[in-house]
Amino acid sequence: MTETPEGLLARLEAAGIEARTVRHPAVFTVAESRGLRGELPGLHSKNLFLRRKEGGFALAVLEEGRQLSVNELARRAGWGRVSMGSAEELRATLGVEPGSVTPFGLVNAAPGTIRVALDAALAKASALAWFHPLVNTASTGLAPEALLRFLRGLGHEVAVLDLGA
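Keep in mind that what you see is a predicted model, and the values were worked out from it rather than measured.

The rules behind each value
Residues numbered from 1 in each chain as written. Predicted model: local features only at pLDDT ≥ 70, side-chain atom pairs only at ≥ 80, totals over all residues. Heavy atoms only, no water. Helix = DSSP H or I, 4+ residues; strand = E, 2+ residues; numbered from the N terminus. Buried < 20%, exposed > 50% of the residue type's maximum accessible area, 1.4 Å probe, protein only. Areas by Shrake-Rupley, 256 points an atom, 1.4 Å probe, with all protein chains shown as cover. Lys, Arg positive; Asp, Glu negative; His and termini not counted. Charge placed at Lys NZ, Arg CZ, Asp CG, Glu CD. Core = buried A, V, L, I, M, F, W, Y, C linked by side-chain atoms within 4.5 Å. Contact = heavy atoms within 4.5 Å.

Undergrad: Looking at this structure, how should I read the overall build of the chain?
TA: Along the chain, the regular secondary structure elements total six helices and eight strands. Order of helices (α) and strands (β) in the chain, N terminus to C terminus: α-β-α-β-β-α-β-α-β-α-β-β-α-β. Over its C-alpha atoms, taken along the principal directions, the chain stretches across nearly 40 × 40 × 25 Å. Relative to its 165 residues, the chain shows a buried fraction of 47%. Carbon and sulfur atoms provide 52% of the accessible area of the chain, an area that totals close to 7900 Å². Side-chain charges in the chain split into 18 positive and 17 negative, and the spacing between the mean points of these groups amounts to 6 Å.

Undergrad: Is there a simple way to think about the nonpolar core in this case?
TA: One broad rule of soluble globular proteins: the nonpolar side chains tend to lie buried together. Of all hydrophobic cores here, the largest spans 31 residues; its most connected members are Leu94, Phe104, Leu106, Ile114 and Phe150. Looking at this core, the elements that each hand over two or more residues are helix H1 (5–14), strand E3 (57–63), helix H4 (87–94), strand E5 (114–119), helix H5 (120–123), strand E6 (129–131) and helix H6 (144–153). Broken down by element, this core gets its largest block of residues, five residues, from H6. When near neighbours in sequence (up to four residues on either side) are disregarded, Ile114 contacts Phe57, Ala58, Leu59, Thr93, Leu94, Leu106 and Ala109. Ranked by size, the runner-up nonpolar core spans 12 residues in total, among them Leu48, Leu50, Leu73 and Leu161.

Put into structure tokens, the structure is as follows:
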């Protein structure tokens, strides 16, 4: 069964994770989401759901301004060749729609089935990091170390990558 946004937020609370959720009109791109920055102070992400050529999937959680080719990202993460996952694969694997890709989608994935890379710029920040809570009509901010704790508590290994120049 696919987790609901409300269920996700309840799981965060049950895990003792302090989070702030703001509802807003649907946003599908980083550019569209920039208009919300006054309400959402902190760091923002762009998330890529990728199909690994050797099989399986990967999720890259990058600081929104990160400029890096998908091939370079895959090389640094040790994923081999990758391509963008399809909308059908995204729905089946993370339980979210295109435009709502989020590390929170890992609540819908079996432990260890998806390789995850988190940009060190997000992981080591002292500000809130914002992600869609399974839908693109809201954003949830939490401390980056809380995100890591939550994902690892779900059984997912998260590699923190320094992707700076």
